Amino acid sequence: MLNYKSNKGGGPTVDFEKAIMDGYASDGGLYVPAYLPKVTHSDLNQWKSLSYKALAFEVLSLFIDRSIVSAVELRLLLDECYDTFETKEVIPLHQLETRDETYIMELFYGPTLSFKDVGMSFMVNLVNFFLKRKSEHLSVIVATTGDTGPAAAHFVAGKSNLDAWILYPKGLITKAQERQMTTLPHTNVHPVGVFNCPEGSDDLDVVISQLYADDTFKNKLNLSSVNSLNWGRIMMQTVHYFYGYLRIAKEVGAPVNMAVPSGGFGNLCAGGLARKMGLPIHYLVVANNQNACLNRIFTQGVFSKQPIHETVSSAIDILVPINFWRFLYFNVERDSTKIKEWMETFERTGQVIFDAETMAEYRKGFLSKSISDEQTLKTIKNVFDKENYLLDPHGAVAVAAADQLKAQLGGHPLICLATAHPAKFSETLERLLGADQISRAARHPSIEEAKVKCQKNYTCHYSHLHSAFKETMNTHWDLHHPS
Ligand SMILES: *Cc1c(COP(=O)(O)O)cnc(C)c1O
């Protein structure tokens, strides 16, 4: 049986179900599998013609014990998740005509139009499956830079065993993203807009950690987490790397590069782990915007927190890429003592400088660039003019980074991950290209419909968020779950 433990080494070893239901490990670390399953070229050859869902079944079966989720149950869960996507393909690949073998992996056909749907749909449905089996109720709190919140809200909505509390930095996400959360009528979805977050959504994570650290409160509400420190989302996100590779590689073993717009490193952690499992990805490109913590890690060996910049790719305005700690664990021979020391040094001082040997190890197979807003917008315009194809600002960060690294990437096929539908960023795109030009590509019916609905309007100031939020959650609980 594949068990899970904390990358910091504390707390017990747990089974898959507990790792998912807990979210955080009890020592504040991130759950990691006790070993990484290996995938051979012969496995990959057999998987080459599978649909996304069928491939997901194969990959997830490596991580989930059948005694916990049976084959039939896993297939049903995958149907429930991915039949809600707009295309039957789930994750289509669009080839750019005017470039050498460049494909856009369109990860935004889920119900809330971002790549968060890919992992969150599975996470929430899986948590709900476990809760129903045990007749339990759970509350989750998530902070969002704009896409996690809508995805969590959508998949939790109407599920009677779950409540979702969602904190978002007011004014720092797009109106479309805000409406995706606030127009849901379901009484188990609670979005809260927080004013005056000095460091954007990273501030909200601080408050959430404080709430989780309060055992009485945590136990009363049965609090858990579905943010990207939950292993379930990382595991699910490995699948699109396998899928993209198998669709594009001329034969199993041929080099394919992938460029990924990154903030919290959840998506790329999954890509890095897929490669360690045996998927022959050539280079993974860590594409940052001006908030370039990952870029500093991969080019200078420094993990440091710097002031936030507001950018046009706001979903990756993230200062602390928490999933890097999970990935690093697999690069230091699973030495949890080292991980614990680094994580604690970072919490204490806001900076860790890695030794040359460690850096050489985790950098293998990665390249990185930090992209300015100017470069992002130029890339959108360039691709739109030449290809009549509209990238969202995050997909554009990936394409721009790959452009800058062209020489190092060699002439191999390239997949750029497009993580959001342009309709979520239509204001920026209209300003750039003119409203008539982009009208069709930057509209989506679900975004348009939300414009004419009533919005829930819970708000709070960051200065008193902790106490106010806790009281609201408590009151809601007492009203709806009288003991
Ligand atoms: C969350 C998000 C990302 C970043 O993913 P990480 O796993 O945090 O690196 C990129 N693009 C969009 C549109 C997102 O919503």
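Before any of the text, the structure's been laid out above.
A few points on the structure. In this text, all values refer to a predicted model and were calculated from it rather than measured experimentally. (Residues numbered from 1 in each chain as written. Predicted model: local features only at pLDDT ≥ 70, side-chain atom pairs only at ≥ 80, totals over all residues. Heavy atoms only, no water.)

The helix and strand tally for the protein stands at 22 helices and 15 strands. By the compact-globule yardstick of 23 Å for 483 residues, the protein fits well, its C-alpha radius of gyration being 21 Å. If one aligns the C-alpha atoms of the protein with their principal axes, the spans along those axes are about 65 × 55 × 50 Å. Between the averaged position of the 47 positive side-chain charges in the protein and that of its 52 negative side-chain charges there is a distance of 1 Å. (Helix = DSSP H or I, 4+ residues; strand = E, 2+ residues; numbered from the N terminus. Rg over C-alpha atoms; globule rule 2.2 N^0.38 Å. Lys, Arg positive; Asp, Glu negative; His and termini not counted. Charge placed at Lys NZ, Arg CZ, Asp CG, Glu CD.)

Near the ligand, the surroundings consist of 15 residues, among which K116, D147, G264, N267 and T419 are the closest. Here G263 contributes a backbone N or O atom positioned 2.9 Å from an oxygen atom of the ligand. Between G266 and the ligand, the recorded distance is 3.0 Å, taken from a backbone N or O atom to an oxygen atom. Considered on its own, the ligand offers 380 Å² of accessible surface; in the complex 97% of this is hidden by protein. Residues belonging to the shell around the ligand are distributed by class as follows: 6 nonpolar, 7 polar and 2 charged. (Near = heavy atom within 4 Å. Polar contact = N/O pair within 3.5 Å; in protein donor to acceptor, adjacent residues only side chain to side chain. Areas by Shrake-Rupley, 256 points an atom, 1.4 Å probe, with all protein chains shown as cover. Nonpolar A, V, L, I, M, F, W, Y, C, P; charged D, E, K, R; others polar.)

The biggest cluster of nonpolar side chains holds 152 residues, and the ones touching the most others in it are F122 and Y241. Sorting elements by how many residues they give to this core places helix α10 (residues 231-248) first, with 11 residues. Those residues in contact with Y241, other than ones at most four positions away along the chain, are M258, V260, N267, L268, A270, G271, A274, L279, I281, L284 and L417. (Core = buried A, V, L, I, M, F, W, Y, C linked by side-chain atoms within 4.5 Å. Buried < 20%, exposed > 50% of the residue type's maximum accessible area, 1.4 Å probe, protein only. Contact = heavy atoms within 4.5 Å.)

Burial of strand β10 (residues 281-288) is extensive: 6 of the 8 residues sit out of reach of the surface. Taken together, the 5 bridges between strand β9 (residues 256-261) and β10 define a ladder with parallel strand orientation. From the neighbouring strand, M258 faces β10, where its bridge partner is L284. Crossover β9 to β10 through helix α11 (residues 266-277) is right-handed. (Pairing = 2+ DSSP bridges. Right-handed = clockwise from strand over helix to strand, strands pointing away.)

For the rest of this paragraph, the subject is the packing of aromatic side chains. Applying the stated rule across the entire model yields 30 aromatic pairs. The interplanar angle of 35 degrees and the centroid separation of 5.9 Å between the aromatic rings of F265 and F298 together place this pair among those described as tilted. With F265 in the loop between β9 and α11 and F298 in helix α12 (residues 293-300), this residue pair connects regions lying 33 residues apart in the sequence. For the pair F265 and F298, one class covers both residues: buried. Arranged with centres 4.7 Å apart and planes meeting at 50 degrees, the rings of F303 and F346 form a pair that is tilted. Of this pair, F303 sits in strand β11 (residues 302-304) while F346 sits in helix α14 (residues 336-349), and the two are 43 residues apart along the sequence. Given the relative accessible area of 0%, F303 is considered buried. Taken together through their ring pairs, the aromatic side chains of F265, F298, F303, F324, W325, F327, W342, F346, F354, Y362 and F366 make up a single cluster. Sitting over the ring of F366, R275 keeps its end group 5.0 Å from the ring centre. (Phe/Tyr/Trp six-rings, centres within 6.5 Å; stacked < 30°, edge-to-face > 60°. Lys NZ or Arg CZ within 6 Å of the ring centre and 35° of its normal.)

It is worth spelling out the layout of surface pockets at this point. Estimated volume of the second largest pocket: approximately 510 Å³. What lines the second largest pocket is a set of 28 residues, and nearest its centre among them are G171, L172, I173, T174 and S314. Mapped onto the lining of the second largest pocket, the elements with two or more residues apiece are α7 (175-182) and α19 (426-433). Examining the composition of the lining of the second largest pocket, we find that 4 residues originate from one element, α19, more than from any other. Here the residues of the lining of the second largest pocket sort into 11 nonpolar, 9 polar and 8 charged. (1 Å grid on protein atoms, 1.4 Å probe; cavity = no way out; pocket = protein on both sides within 12 Å on 5 of 7 lines; lining within 4 Å. Points joined across faces, edges and corners; volume = space filled by probe spheres on them.)

Right, let's get into the sheet that holds strand β6 (residues 162-169). Pairing between the strands of a sheet comes from backbone hydrogen bonds, and it takes one of two forms, parallel or antiparallel. Overall, parallel pairing links the 5 strands, which are arranged β8-β5-β6-β7-β15 in an open sheet. Two strands close off the open sheet at either side, each with one partner strand: β8 (223-224) and β15 (458-461). Pairing between strand β7 (residues 189-195) and β15: 4 bridges, direction parallel. Within β15, the residue paired with V194 across the bridge is C460.

Extensive coverage of β9 is indicated by the burial of 6 of its 6 residues. Across the two faces of β9 the burial is the same, with V256, M258 and V260 and N257, A259 and P261 all buried. Both β9 and strand β14 (residues 414-418) contribute to a ladder of 3 bridges, which runs parallel. Considered in β14, the bridge of A259 is made with C416.

Counted at 1.5 Å a residue, the expected span for helix α5 (residues 116-134) with its 19 residues is 27 Å, and the 27 Å between its end C-alpha atoms agrees. Extensive coverage of α5 is indicated by the burial of 16 of its 19 residues. Of the residues flanking the end of α5, it is S135, one or two places downstream, whose phi is positive at about 50 degrees. (Expected span 1.5 Å × (residues − 1).)

This part is about the side chain of T144. Among the structural elements, T144 can be located in the loop between β5 (138-143) and α6 (148-156). Since its relative accessible area comes to 0%, T144 is described here as buried. Side-chain polar atoms of T144 contact the backbone nitrogen of G146, separated by 2.8 Å. Polar contacts involving the side chain of T144 include one to the main-chain amide nitrogen of D147, which spans 3.3 Å. If sequence neighbours within four positions are ignored, T144 has contacts with G149, P150, I166, L167, Y168, P169, M181 and S201.

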